[in-house]
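Topology and contacts: notes
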Amino acid sequence: MKAIAITQAAQNGTNLESLSEITLPTPVATGHDLLVEVKAISVNPVDTKVRAGFNAEQPRVLGWDAVGVVVATGE
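Residues numbered from 1 in each chain as written. Predicted model: local features only at pLDDT ≥ 70, side-chain atom pairs only at ≥ 80, totals over all residues. Heavy atoms only, no water.

**So, the environment of Val69**
The line we're drawing: Helical segments are the DSSP runs of H or I of at least four residues, strand segments are the runs of E of at least two, and each set is numbered from the N terminus.
Tracing the backbone through its elements, the reader meets Val69 in strand β5 (residues 65-73). Sequence-wise, Val69 and Glu37 are 32 residues apart; in three dimensions their C-alpha atoms are separated by 5.2 Å.

**Some thoughts on the sheet that holds strand β4 (residues 60-61)**
As a reminder of what qualifies: Two strands are said to pair when DSSP picks up at least two bridges between them.
Taken together, the three strands give an open sheet; going across it, the order is β2-β1-β4, and neighbouring strands pair in antiparallel fashion. The open sheet is flanked by β2 (19-23) and β4, the only strands paired with a single partner. Examined bridge by bridge, strand β1 (residues 2-6) and β4 share two bridges and lie antiparallel to one another. Opposite Ala5, over in β4, you have Val61 as the bridge partner.

**Concerning a nonpolar patch on the surface**
Stated formally: Patches were defined on residues exceeding 30% relative accessible area and lacking a salt bridge, with like-charge contacts within 9 Å and nonpolar side-chain contacts (Val, Leu, Ile, Met, Phe, Trp, Tyr) within 5 Å. Areas reported here follow the Shrake-Rupley algorithm with a probe of radius 1.4 Å; residue values treat only the protein chains shown as occluding. Take a side-chain nitrogen of Lys or Arg and a carboxyl oxygen of Asp or Glu: if they are within 4 Å of each other, that pair is a salt bridge.
On the surface, Leu34, Val36, Val38, Ile41 and Val70 cluster together into a nonpolar patch covering about 430 Å² of accessible area. The greatest single-element share of the nonpolar patch, amounting to four residues, is contributed by strand β3 (residues 34-42). Counting through the fold element by element, Ile41 comes out in strand β3.

As structure tokens, this is what we get:
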């Protein structure tokens, strides 16, 4: 699946080069999970705090608020 992630620390919070499209493995719905095909996301205050605290260990995906279609369910 594709995602937008922080891949490097932003300078003064305005560095667009710190955001990159990455590919992640498609998750599997298990237990009480739902797998949702995301159609749209929004950026909210949580995302700005995640971005501010980024330490470059691994990419961080933004977009905690999403809307989409359920494509799989867990047991």
